[in-house]
Amino acid sequence: MICKEYPQLWEKVWWGKTPKGLTVAVVPRPGFTRKLAYLVTDFGSIQREFTLDGASITAPAGVAHYLEHKLFDMPGFDVSEKFASMGASVNAFTGYDMTAYYFTATQQFSECLELLLQFVTTPYFTQQSVTREQGIIGQEIGMNEDNPDTRLFENLMAVMYENHKVAEPILGTRESIAQITPQVLTDVHKAFYRPDNLLLCVVGDVDPAEVYEIACRITDEIPAVQAEEKQQLPEPMTCKKQEIRAAMDVAMPMFQLGFKCEPLGTGEESVRRELVGDLAAEMLFGESSTLYLRLYEQGLIDSSFGGGFETVKGMAMLTASGDSFYPEEVRSAIFRQAKILLEEGIDEEDFMRCKRSALGRRMRDLDSFDSLCFRICAYHFSGFDYFDFPKVYANIRREDLLEFIRRTVTQERCCLSVIDPITKEA
């Protein structure tokens, strides 16, 4: 393994790659008893079309999340119980473009790491267990359908995006998961859980050489395959619809605004564009912005209001959300504020304050094992070393934010999702 140092952040990371292609990253934290390990695949709910050993395959929606559940099945023992017997806690999550399996432990770390690598890279799918899981995930889908926050976001994605698979729920639908079979799961696992598509990230007081040795040993027997995800169709910068409403049992209307942005791509330039989007969101409607204070004083928003810049492989969007009886007025106010910024410019002092604040938040995040592991993994699959983010901030100018706002905050790129309270009839 090679030790790379980052003097500006007082950090160092040990990097290595096993003979089978698994990338290993170890961030030393001497003196800490807690240890955290993430094993992440560059695969999420949007990657359903791929080739495997020359064959073209389209998997049902929801397969990534379904597979995450089924990998906890191992012949002869329960994975979660095995971790618990060693005093460790294990969990997993599926996103649009990545799936992560992780554990925390204060003892028997090596044994836990071996188990993590073993169960994630071992496909074990019986027809009985796969069929049983349909009912369990069907209940999850039902819970999401009854969750106003989830409905708000998924409705927005469904009408905002025309070609990108982000328009489909991560969990899929009851109809789509009914098409998942042991063979489907086996094909997906073989295509996307191969070592060269995985990253193992460990944070804690551990020996990097031991972590690397375990990773090599556990993945040594995995056979090589030829697999490649298919490129998604180009996404227009206009929205399928510009507004969608639904009624649920909520106390007051909830809204989420989305503004379509061009896909970021990979590498340092993609991260610069992401940070520009973050800063533009802060400048437009962050808690200390002129617009936020004005909307709050006018009673158009409350403390639930916030925004940011969201990215998924092949898509990006500026977003703002909260509770409001007047979501259309909030939307109009954002357009007016964007126009003011474009006409009057951004004050240099405000811009530097915004940059310092954003940089400070990211630096403080380095103290969180969980946040650190997640960011290292997410940025690695985007072709960027996360610890290089300070130099990217240094190269962002006010003009970058203004150009982003000019291009993004337009009527044709905007979509509004609203959840209204159910009207009670007398």
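To be clear, the structure that these remarks concern was listed above.
I will try to describe carefully the structure that is included in this document.

**Considerations on the nonpolar core**
Thinking step 1. Formed by 72 residues in total, the largest nonpolar core has its most connected members in Tyr38, Phe285, Ile334, Phe387, Leu401 and Val409.
Thinking step 2. Broken down by element, this core gets its largest block of residues, nine residues, from helix H9 (residues 268-285).
Thinking step 3. With residues up to four places along the chain from it excluded, the contact list for leucine 401 reads Val276, Leu279, Ala280, Met283, Ile346, Phe351 and Ile396.

**As for the sheet that holds strand E16 (residues 315-323)**
Thinking step 1. Strand order in the open sheet formed by five strands is E13-E17-E14-E16-E15, with mixed pairing between adjacent strands. Each edge of the open sheet is held by one strand with a lone partner, namely strand E13 (243-248) and strand E15 (306-312). With direction set aside, neighbouring strand axes in the sheet form an average angle of 20°.

**Focus: the pattern of salt bridges**
Thinking step 1. Throughout the structure, instances matching the rule amount to 31 salt bridges.
Thinking step 2. A salt bridge links glutamate 262 to arginine 413; the nearest nitrogen and oxygen atoms lie 2.6 Å apart. Linking glutamate 262 in the loop between strand E14 (254-261) and H9 with arginine 413 in the loop between helix H15 (398-408) and strand E17 (414-421), this pair joins segments that are 151 residues apart in sequence.
Thinking step 3. A residue is classified by how much of its surface remains accessible, and glutamate 262, at 22% relative accessible area, is partly exposed.
Thinking step 4. One network of salt bridges, with partners in common, ties together Glu243, Arg245, Glu328, Arg331 and Asp420.

**Topic: the layout of surface pockets**
In this approach, a probe sized like a water molecule rolls over the atoms, and the result shows the empty space that is left.
Thinking step 1. Taken as a whole, the second largest pocket holds about 270 Å³ of empty space.
Thinking step 2. What lines the second largest pocket is a set of 17 residues, among which Met283, Thr290, Gln337, Leu341 and Asp350 lie closest to the centre.
Thinking step 3. Of all elements in the fold, only H9, helix H10 (290-297), helix H11 (327-344) and helix H12 (348-365) reach the threshold of two or more residues within the lining of the second largest pocket.
Thinking step 4. In terms of residue count, the dominant contributor to the lining of the second largest pocket is H11 (four residues).
Thinking step 5. For the lining of the second largest pocket, the per-class residue count stands at seven nonpolar, five polar and five charged.

**Thoughts on the packing of aromatic side chains**
Thinking step 1. For the coordinates displayed, the defined rule picks out 28 aromatic pairs.
Thinking step 2. The interplanar angle of 40° and the centroid separation of 6.3 Å between the aromatic rings of phenylalanine 72 and tyrosine 101 together place this pair among those described as tilted. Here the residue phenylalanine 72 occupies a position in the loop between helix H1 (63-70) and strand E7 (73-74), and tyrosine 101 occupies one in strand E10 (residues 99-105), the gap between them amounting to 29 residues. The same class applies to phenylalanine 72 as to tyrosine 101, namely buried.
Thinking step 3. Every member of this aromatic cluster is reached through a ring pair, and the members are Phe43, Phe50, Phe72, Phe83, Tyr101, Phe103, Phe109, Phe119, Phe192 and Tyr193.
Thinking step 4. The side chain of lysine 260 reaches across the aromatic face of tyrosine 161, ending 4.8 Å from its centre.

Reading the values: rules and limits
Residues numbered from 1 in each chain as written. Predicted model: local features only at pLDDT ≥ 70, side-chain atom pairs only at ≥ 80, totals over all residues. Heavy atoms only, no water. Core = buried A, V, L, I, M, F, W, Y, C linked by side-chain atoms within 4.5 Å. Buried < 20%, exposed > 50% of the residue type's maximum accessible area, 1.4 Å probe, protein only. Helix = DSSP H or I, 4+ residues; strand = E, 2+ residues; numbered from the N terminus. Contact = heavy atoms within 4.5 Å. Pairing = 2+ DSSP bridges. Axes fitted to C-alpha atoms, helices over the stretch in contact; angles between N-to-C directions. Salt bridge = Lys/Arg side-chain N within 4 Å of Asp/Glu carboxyl O. 1 Å grid on protein atoms, 1.4 Å probe; cavity = no way out; pocket = protein on both sides within 12 Å on 5 of 7 lines; lining within 4 Å. Points joined across faces, edges and corners; volume = space filled by probe spheres on them. Nonpolar A, V, L, I, M, F, W, Y, C, P; charged D, E, K, R; others polar. Phe/Tyr/Trp six-rings, centres within 6.5 Å; stacked < 30°, edge-to-face > 60°. Lys NZ or Arg CZ within 6 Å of the ring centre and 35° of its normal.

Function cannot be inferred from these measures alone, as they are strictly geometric.
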